[in-house]
Amino acid sequence: MPRLDCSVGNCRYNKDHGCTRDHISVGGAGASTTSETCCDSFEERRGDMFANSTKEPSQRVDIRCEAKKCVHNDDCRCHAEGIDVGGSNACRCEQTACGTFYRK
């Protein structure tokens, strides 16, 4: 499973650039560029909603990936050593992106 570094600070699952979910989904079935991908698991942190503070971020995360043109995608699973998810001011999943996307 890949190591995940996430800079989407306003995601409810982000804790210290890690993800408190055990798995995420990267969208962008027809993506040809990084900006055409997104973290489908993103949920905006709102008001008094805290990150999943009782759970520590996973060092490795299972990543389901729809970006079929990415070199790291093998049978809809990400096999990169690590991935970067970005979108520091995101309010919707479409405003996030997989920075590790590399077209085949």
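Our subject is the structure listed above.
Residues numbered from 1 in each chain as written. Predicted model: local features only at pLDDT ≥ 70, side-chain atom pairs only at ≥ 80, totals over all residues. Heavy atoms only, no water.

Caption draft 1: Structural context of the overall build of the protein. In terms of helices and strands, the protein carries zero helices and ten strands. Ordered by position in the sequence, the α and β elements of the protein form the string β-β-β-β-β-β-β-β-β-β. Its C-alpha atoms give the protein a radius of gyration of 13 Å, within 12% of the compact-globule value 13 Å for 104 residues. Taking the principal axes of its C-alpha atoms as reference, the protein extends roughly 40 × 25 × 15 Å. Buried residues in the protein amount to 41% of all 104 residues. Contacts in the protein between residues at least 24 apart in sequence constitute 69% of all its contacts with a sequence separation of at least 6. Here the protein displays about 5,900 Å² of accessible surface, and carbon together with sulfur accounts for 46% of that area. Within the protein, one finds 15 positive and 16 negative side-chain charges whose respective centroids are separated by 3 Å. (Helix = DSSP H or I, 4+ residues; strand = E, 2+ residues; numbered from the N terminus. Rg over C-alpha atoms; globule rule 2.2 N^0.38 Å. Buried < 20%, exposed > 50% of the residue type's maximum accessible area, 1.4 Å probe, protein only. Contact = heavy atoms within 4.5 Å. Areas by Shrake-Rupley, 256 points an atom, 1.4 Å probe, with all protein chains shown as cover. Lys, Arg positive; Asp, Glu negative; His and termini not counted. Charge placed at Lys NZ, Arg CZ, Asp CG, Glu CD.)

Caption draft 2: Up close: the pattern of salt bridges. Applying the stated criterion to the full structure yields eight salt bridges. Its salt-bridge partner being Arg46, residue Glu44 comes within 3.5 Å of it at the nearest N-O pair. (Salt bridge = Lys/Arg side-chain N within 4 Å of Asp/Glu carboxyl O.)

Caption draft 3: Geometry of the side chain of Asn14. In this fold, Asn14 is placed in strand β2 (residues 14-15). In this structure Asn14 comes out as buried when scored by relative accessible area, which is 9%. From its side chain, Asn14 meets the backbone oxygen of Cys6 in a polar contact 3.0 Å long. (Polar contact = N/O pair within 3.5 Å; in protein donor to acceptor, adjacent residues only side chain to side chain.)

Caption draft 4: Focus on the packing of aromatic side chains. Tallying each qualifying case throughout the model produces zero aromatic pairs. In this structure, Arg21 is placed above the aromatic ring of Tyr13, and the distance from its NZ or CZ to the ring centre is 5.1 Å. (Phe/Tyr/Trp six-rings, centres within 6.5 Å; stacked < 30°, edge-to-face > 60°. Lys NZ or Arg CZ within 6 Å of the ring centre and 35° of its normal.)

Caption draft 5: Layout of unusual backbone geometry. Positive phi, normally seen in glycine, also occurs at Asp16, with a value near 55 degrees. One can find Asp16 in the loop between β2 and β3 (18-19). Judged by relative accessible area, Asp16 falls into the exposed class, the value being 68%.

Caption draft 6: Fine view of the pairing of strand β1 (residues 3-6). Across the two faces of β1 the burial differs, with Leu4 and Cys6 buried and Arg3 and Asp5 not buried at all. In terms of strand pairing, β1 meets strand β9 (residues 82-86) through four bridges, oriented parallel. Within β9, the residue paired with Leu4 across the bridge is Ile83. (Pairing = 2+ DSSP bridges.)

Caption draft 7: Seen up close, the pairing of β9. As paired elements, β9 and strand β10 (residues 97-98) share two bridges and run antiparallel to each other. Directly across from Gly86, in β10, lies its bridge partner Ala97.

From the geometry alone we can't say anything about function, so treat these as descriptive.
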